[in-house]
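# Summary of structural features
Read off the chains here:
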Amino acid sequence: RQQEPPAGSGGERGSGPGPPEAPPEAPPEPRSGRSAALRARMEERLLGARFRYLNQQLYTGSSQDAARLFRTDPAAFHLYHRGFERQVRRWPERPVQRIVRYLRRRPASLVVADFGCGDCTLAASVKNQVHCFDLVPLSPRVTVCDMAKVPLAAESVDVAVFCLALMGTNLQEILGEANRVLKLGGTLMVAEVASRFEDTRAFLKAMTQLGFKTVSKDFSSSYFYLLEFTKTGPGRPGPAPGLRLLPCLYKRR
Ligand code: SAH
C-alpha cells in the first residue's frame, strides 16, 4: 500500500489507469430480470478482481514478466485495457492529450517512439511519424514487443514517450532503451500517475544519471505528472536508487 493520493484525485488509492470500481450504470431492473442482473453484477465483480490481479502483476513484475503474461493469456490484455479505458475516461484530462498538444507545437518532422502506446491515440492525433510499441496490438499500427527491447536503431528518434506506461520494475532498463534509441538532444516525455512518485527530487536526480536532463516538470494535475527531459548522453552505469515509482494498486470497493 502506498501513500494516499493527493486531494482532488477522487480519494482513491492509485487513481491511475485502473479498474472500473463503481458498478456500471445498471438499467432499470424488471422483476423477472433479477437473476440476470445478479449474474451481471457477479460477473462485473469477477472482472474487477481479475483486473486488480493483472494490474498488480504489471506493476510488481519486470517488463519481461508482463510480456510473458500477455503472450500466454492475450485475453488478459484486453481485460486490462477495458479497465484502463474506463478509469482514464473519468479523469478531467487524458495525459496523452497533453502529449498530443506538446507535439503539435513542435515540428511534424520529428520522429516519435511511443512506448506502451495502448490504442495508438498519440499516433492517430499527430502528423509525425510515430513508432508504436505495445505488448498486444490494439491497433494495426502497433509493433508488438517488450518496451525494454524495441526494434529501432540507436539514435534514430527525436522524441520518446512513456504515457502512463512505466509499469515494469526494471525502470532503468526500460529508460535505458529509450536513451539508446533517442538522438543526442532528443526529448523524453513522461506522463505518470502522480501518486506513484514517492520522492520526485530523487527520481529526477536518478534521471540525470541515466542521461536525461530535466527541461520541464508539471505537477499541476493531481492525477498525473508530466515531465520533459533532454538526452544529454548515454547515461552512467550503476544502480540508480532514486529511480523508484510506487505501484499503482487498487482496493476493492
Ligand atoms: N500510452 C497509452 C496507454 C497507457 S496503458 C495511453 O496513454 O493511453 C499502459 C500501456 O503499456 C498498456 O497498453 C500496456 O499494454 C503497455 N505495456 C505495459 N508493459 C509493457 C511492456 N513491457 N512492453 C510494451 N508495452 C507495455
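Numbering of residues starts from 1 in every chain and runs along the sequence as written. This being a predicted model, a pLDDT of at least 70 is required before a residue's local features are given, and a value of 80 or more before pairs of side-chain atoms are given or counted; all residues contribute to the totals for chains, interfaces and linings. Computation of side-chain values: all heavy atoms of the structure, hydrogens and water removed.

Note the following rule: UniProt positions are given in the numbering used here, feature names are shortened, and annotations may be inferred rather than shown by experiment.
Where an unreviewed UniProt entry is consulted, the protein appears under the name Ribosomal RNA-processing protein 8, with the organism given as Catharus fuscescens. The Subunit (unreviewed entry) comment attached to the protein in UniProt states, word for word, "Component of the eNoSC complex, composed of SIRT1, SUV39H1 and RRP8." Heading Sequence similarities (unreviewed entry) of the UniProt record for the protein holds this comment: "Belongs to the methyltransferase superfamily. RRP8 family."

## Quick look at the overall build of the protein
What counts here: We count a stretch as a helix when DSSP gives it H or I for four or more residues in a row; a strand needs E for two or more, and each element gets its number in order from the N terminus. Partly exposed residues are those whose accessible area sits between 20% and 50% of the maximum for their type, while under 20% is buried and over 50% is exposed, using a 1.4 Å probe and protein chains only. Every residue pair with non-hydrogen atoms within 4.5 Å of one another is taken to be in contact.
Secondary structure summary: the protein contains seven helices and seven strands in total. Secondary structure of the protein in N-to-C order comes out as α-α-α-α-β-α-β-β-β-α-β-α-β-β. Out of the 253 residues in the protein, the part that is buried amounts to 54%. For the protein, restricting intrachain contacts to residue pairs at least 6 apart in sequence, the fraction spanning at least 24 positions comes to 70%.

## A closer look at the pairing of strand 2 (residues 130-134)
Worth spelling out the cut-off: By definition, two strands form a pair when at least two bridges between them are found by DSSP.
Summarising burial for strand 2: four of the five residues are buried, a large majority. Bridge analysis of strand 1 (residues 112-115) against strand 2 gives four bridges, and the strand direction is parallel. Across the sheet, residue Phe 115 finds its bridge partner in strand 2, namely Phe 133. The sheet contact formed by strand 2 and strand 3 (residues 142-144) spans three bridges and is parallel. The residue bridging Asp 134 from the neighbouring strand is Val 144, located in strand 3.

## Observations concerning the site of the ligand
Worth spelling out the cut-off: If even one non-hydrogen atom of a residue comes within 4 Å of a molecule or strand, that residue is called near it. Pairs of N or O atoms are called polar contacts if they sit within 3.5 Å, as long as, within protein, a hydrogen donor faces a hydrogen acceptor (for residues adjacent in sequence, only side-chain-to-side-chain pairs). Here, Shrake-Rupley sampling with a 1.4 Å probe gives the accessible areas, and only protein chains in the shown set may cover a residue. Any residue outside Ala, Val, Leu, Ile, Met, Phe, Trp, Tyr, Cys, Pro, Asp, Glu, Lys and Arg is labelled polar, Gly included; the first ten of those are nonpolar and the last four are charged. All domain edges in this entry derive from an automatic or database-based domain assignment.
Surveying the vicinity of the ligand reveals 17 residues, the closest of which are His 81, Gly 116, Asp 134, Met 147 and Cys 163. Between the ligand and Met 147 there is a distance of 2.9 Å, counted from a nitrogen atom to a backbone nitrogen or oxygen. Starting from 570 Å² of accessible surface for the ligand in isolation, the protein chains cover 98%. Among the elements that take part in the shell around the ligand, helix 3 (residues 74-88) stands out by supplying three residues, more than any other. Its residues placed into classes, the shell around the ligand shows ten nonpolar, four polar and three charged. The residue makeup of the shell around the ligand includes at least three contributed by each of domain 1 (38-89) and domain 2 (95-231).

## Regarding unusual backbone geometry
Positive phi, close to 50 degrees, is recorded for Glu 155, a residue that is not glycine. Here Glu 155 is to be found in the loop between strand 3 and strand 4 (157-163). Even without a glycine there, the phi angle at Leu 164 is positive, about 55 degrees. In this fold, Leu 164 is placed in the loop between strand 4 and helix 6 (171-181).

## Observations regarding the sheet that holds strand 4
Strand pairing in a sheet is mediated by backbone hydrogen bonds. Such pairs are either parallel or antiparallel. To keep it simple, the criterion reads: Axes here refer to lines fitted to C-alpha atoms; in helices the fit is confined to the stretch in contact. Angles between the N-to-C directions go from 0 to 180 degrees.
Strand order in the open sheet formed by seven strands is 3-2-1-4-5-7-6, and the pairing between neighbours is mixed. What marks the edges here is a single partner per strand, and that holds for strand 3 and strand 6 (212-218). When the angles between neighbouring strand axes are averaged without regard to direction, this sheet yields 20 degrees. Bridge count between strand 5 (residues 182-193) and strand 7 (residues 224-231): seven bridges; the pairing is antiparallel. Note on strand 7: the bridge partner recorded for Ala 191 is Leu 226.

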